[in-house]
Each structure stands twice: as C-alpha cells, then as structure tokens.
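Structural overview
The residues making up each chain are set out below.
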Amino acid sequence: PKMSRVLLLLCGLGASARPPLTSLKPVSHGSSSRCASAVGIIGKGLSSSHMGSRLRAVQKQPGATPLQRNMKTWAFSGSGFPSNYNDVVRRASGAVRQMIEDGKQLIEIEFPVTGLAAVPGDGEGAGEMTLSAQYTREILIAMESMNRRTRVFFPDEQEAKRQTKLFKDVNNIKIDFLTRPSPLGDLGLDPFKVEMRDRIKDDDELFVIAYPSFNPNEMIAVRELADQDDMRRPIIVINGELDRIRSGYYPAFFYPRLQGAMKGFLENFDQALYIHNFKGTRGGALLRTYPGEYQVFRRDGLGIDVREVHSQEKMPSLKEVSLEILPRY
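Here the residue numbers are simple positions, counted from 1 along each chain's written sequence. Only residues with pLDDT of at least 70 get local features here, since the model is predicted, and only at 80 or more are side-chain atom pairs given and counted; chain-wide, interface and lining totals rely on the full set of residues. As a rule here, side-chain values cover all heavy atoms of the structure and leave hydrogens and water aside.

**Re the overall build of the protein chain**
Secondary structure elements follow DSSP: runs of H or I no shorter than four residues count as helices, runs of E no shorter than two count as strands, and numbering proceeds from the N terminus. Of the regular secondary structure elements, the protein chain holds 13 helices and nine strands. For the protein chain, contacts bridging at least 24 residues in sequence account for 66% of all contacts bridging at least 6. Accessible surface computed for the protein chain: about 16,100 Å², of which carbon and sulfur atoms make up 53%. Residues are treated as being in contact if the distance between any of their heavy atoms lies within 4.5 Å. Computed with the Shrake-Rupley method and a 1.4 Å probe, the accessible areas treat only the protein chains shown as cover for residues.

**As for the nonpolar core**
Ranked by internal contacts, the top residues of the largest apolar core, which has 42 residues, are Phe81, Val96, Ile109, Phe111, Ile139 and Ile236. Here this core gets eight residues from one element, more than from any other, and that element is helix α5 (residues 85-101). Ignoring any residue separated from it by four or fewer positions in sequence, one finds Val96 in contact with Ile107, Ile109, Met143, Ile236 and Ala272. Take the buried residues of types Ala, Val, Leu, Ile, Met, Phe, Trp, Tyr and Cys, join any two whose side-chain atoms come within 4.5 Å, and each joined set is a nonpolar core. Per-residue accessibility, obtained with a 1.4 Å probe over protein chains only, is compared with the maximum for each type, and a residue is labelled buried under 20%, exposed over 50%, and partly exposed between these values. Formed by 24 residues, the second largest nonpolar core is a distinct cluster that contains Ala221, Val222, Ala226 and Leu242.

**Focus: the sheet that holds strand β7 (residues 284-289)**
Being paired, for any two strands, means DSSP has found at least two bridges between them. The strand order across the open sheet built from nine strands is β3-β2-β4-β5-β1-β6-β7-β8-β9, with neighbouring strands paired in mixed fashion. Each of the sheet's edge strands pairs with one partner strand only, and the pair in question is β3 (173-179) and β9 (306-312). Each adjacent strand pair in this sheet contributes to an overall mean axis angle of 25 degrees, direction not counted. Of the pairings in the sheet, the one linking strand β1 (residues 106-110) to strand β5 (residues 235-238) comprises four bridges and is parallel in character. Among the inter-strand pairings, Ile109 is bridged to a residue of β5, identified as Ile238. Interaxial angles span 0 to 180 degrees and are taken between N-to-C directions of axes, which are lines fitted to C-alpha atoms, for helices over the stretch in contact. Seen against the sheet, α5 touches β1, β4 (206-210), β5, β6 (270-278) and β7 and runs at an angle of roughly 145 degrees to β6. Against the sheet, helix α10 (residues 216-228) makes contact with β2 (150-156), β3, β4 and β5, and its axis sits at roughly 120 degrees relative to β3, the strand it touches most.

**What about the confidence of the model for the protein chain?**
For the protein chain, mean pLDDT is 79; residues scoring 70 or higher make up 73% of the total. The pLDDT value tells you how sure the predictor is about a given residue, anywhere from 0 up to 100. Here residues 1-79 scores under 50 on pLDDT; set against residues more than four positions off or in separate chains, the count is 108 contacts.

**Observations regarding unusual backbone geometry**
Where the residue is not glycine, phi is negative for most of them; where a peptide bond is considered, it is trans in most cases. Each neighbour pair has its own omega, and for Tyr290 with Pro291 the value is 5 degrees, a cis peptide bond. Look at Arg232: it is not a glycine, yet its phi comes out positive at around 50 degrees. In this fold, Arg232 is placed in the loop between α10 and β5. Even without a glycine there, the phi angle at Asn239 is positive, about 55 degrees. Its location among the elements puts Asn239 in the loop between β5 and α11 (243-246). Its relative accessible area of 5% is what places Asn239 among the buried residues.

**Remarks on a nonpolar patch on the surface**
In this scheme, patches are assembled from residues that exceed 30% relative accessible area and form no salt bridge. Like charges are connected within 9 Å, while nonpolar side chains (Val, Leu, Ile, Met, Phe, Trp, Tyr) are connected within 5 Å. Any Lys or Arg side-chain nitrogen found within 4 Å of a carboxyl oxygen on Asp or Glu counts as a salt bridge. Taken together, Phe253, Phe254 and Tyr255 make up a surface patch of nonpolar side chains, about 410 Å² in accessible area. Secondary-structure assignment places Tyr255 in the loop between α11 and α12 (256-262).

**So, the side chain of Gln228**
Tracing the chain through its elements places Gln228 in helix α10. We call two N or O atoms a polar contact when they sit within 3.5 Å, provided that within protein one can donate a hydrogen and the other can accept it, with sequence-adjacent residues counted only if both atoms are side-chain atoms. A distance of 3.1 Å separates the side chain of Gln228 from the backbone nitrogen of Met196, its partner in a polar contact. Of note is the side chain of Gln228, whose polar atom sits 2.9 Å from the backbone nitrogen of Arg197. Discounting residues that sit within four places of it in the chain, Gln228 has contacts with Glu195, Met196 and Arg197.

**Overview of α10**
Taking 1.5 Å per residue, 13 residues should reach 18 Å; α10 reaches 19 Å between its end C-alpha atoms and fits that length. With 12 of its 13 residues buried, α10 lies for the most part within the structure. Along α10, the positions that sit buried rather than exposed are Pro216, Asn217, Glu218, Met219, Ile220, Ala221, Val222, Arg223, Glu224, Leu225, Ala226 and Gln228. Two to three positions downstream of the cap, the backbone nitrogen of Asn217 sits 2.9 Å from a side-chain oxygen, assigning the N-cap of α10 to Asn215. A helix is expected to reach a length of 1.5 Å times the quantity of its residues less one.

**Considering the pairing of strand β8 (residues 294-299)**
With six of its six residues buried, β8 lies for the most part within the structure. Here β8 shows two buried faces, one formed by Tyr294, Val296 and Arg298 and the other by Gln295, Phe297 and Arg299. Alignment of β7 against β8, held across five bridges, turns out to be antiparallel. Pairing of Gly284 across the sheet is with Arg298, part of β8. With antiparallel pairing between neighbouring strands as the criterion, β7 and β8 make up a hairpin whose turn holds four residues.

Here you go:
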C-alpha cells in the first residue's frame, strides 16, 4: 500500500536501508520510536511487500535463533515497558536470579509470545506453545551462568519428546514431563501414575515448568511437585496462564480437583516478569519486573505509544486494572 511505502521511506527503513533483525536495538523516545512501531504494525499486513519477504527470509534462515526468526520483535516506545523480546529474556532471567538469591520458591514468568501487545489466544494454539518453548530455551540459556542443575517439565510426555531436540544444547538441564494424559488421569485415578517425589533427583537444584496451560491436570501436578519436594527447591512456571485460574475461568463445580490444589498455593507465587495486555479503546498493559512495583501502562489506539499511568506495590486484579485504573486515563 502507498501508506506503507511512505512510512518506510520517512523512517529510513526502505529495502536498501533496513537493518537485519540481528542488529535491531531498542528504540528511544520520540519520532524515531513512533516510526519504528508504526512500520512494525503496518508490516504485519504487508504479506507481498519487500519488507515482508525480507522478514520471512530471516525467519527461514537455519542458523537464526528463535528471537531472530520471530517477526514481532518491533519495539514500543514508553519508559519501562520491554522494548523487544531480547529485553523480555534479559529481564526475566535477571529477575529469577535475584529472586532465588532472595529465597523465593514459587516464581512466575508470564508474557505474550506472539507480540508484546498481544494476549494469549491471538495466535494458533500449537504455534504459541512452540514460541513458548523457544523463549523458555532462551531464558534457560541466559540463566546458565547460575550453574544450577535444572529439571525442565513440559506439559505432557509427548510434548517433552517433541521439544527434546530444541533443548539439546542447553547446559545442566534434564527434560521431564508433568502428565501422561488418559481418561483415568482426568479423574485422578491413573494406576500408572509415577509420584513426583519418585521423578525428581537429589542433585536437581531448580525446577522449570514450561507452559502448563493446556490441561488443568498440569498445574495440579505442579502443586504435587511442590508438596512432595522435601528440599523446597525453586519452581519457575513460564507462561502457565495462571490468570485463568485466578480469575475463575475454571469453576470449582466443574474443576474441584484444580481448585482444591490451587487453594493456598497460587497466591504464594511471586512474579519475576509479568506482562498482561488489555485490548480495546482504552487498551494498556500490566507489567511487573521483580523487585519493582506493578505498573499499569496506557497504550494509544494504534498501539504505538505506551506510557506508565499508575503503579502500586500489591498485584491488582485484572478486573481492577480494566474497570477502575485504565478508565481513569
């Protein structure tokens, strides 16, 4: 479209001048950041444009990392909000390091994987799981300097097998799984179930739970892991969509086992890096990077400008942010 070409020329990001994704850096305030964000947004619809083909070419490069292959690493302006997915990985790994030093046991990392302004479900389910696996890998690589033997639990046995190759070059990890889905398992009557205490080893130092959000039994298994670990080793849940449980998405009448397992457990999680976006005419985001406060950001209608409008020490509910805080700005 003409508008797209105009923006590309104005921002100096034409076909001849556009830097490769590997050299993209966080942009600063002002017109340059707004241009970069606008081009990124319009670029999503340029399926036949030169820029779109260049992005797809980078995605297909076999040597490119998941971060380099992900098209949606365009930066948003606004102080404090992550500028791209490299920033997300850096913040998450740094916060985890500090939380473990501070003695935290239950740690949550939550962020959208299909775009920094996206919400869970914007992408296709399997695609979002694949991206979560890739970012989990990047976070673990960023944490390698901690030199902790880590057991990584995937949602189920099949997913663990599928992702083993992706994680083969990550040091000090062992691949495991939370559940082996079966009709009896859904009823809590699985005769072949192996207790978590028999799965973990004495030399494990850290447990990472990768995206346990598809089946409620996955978070039940996380509770069992915490209860059966006498050493009380840190547990990091990455993209478990715990907000669905917090907000009552799973009614106790239909999911009594889940609600029973989460009672007295879910509220003990502390957020290392947390991003939840709110869409609509008064869109915005709730952000927390440990040990900071919970920040509410207001996003303009185009999603270009992001500015902080509120902060508080205690985590607000999503309902409070969407119905009380954001409407004030």
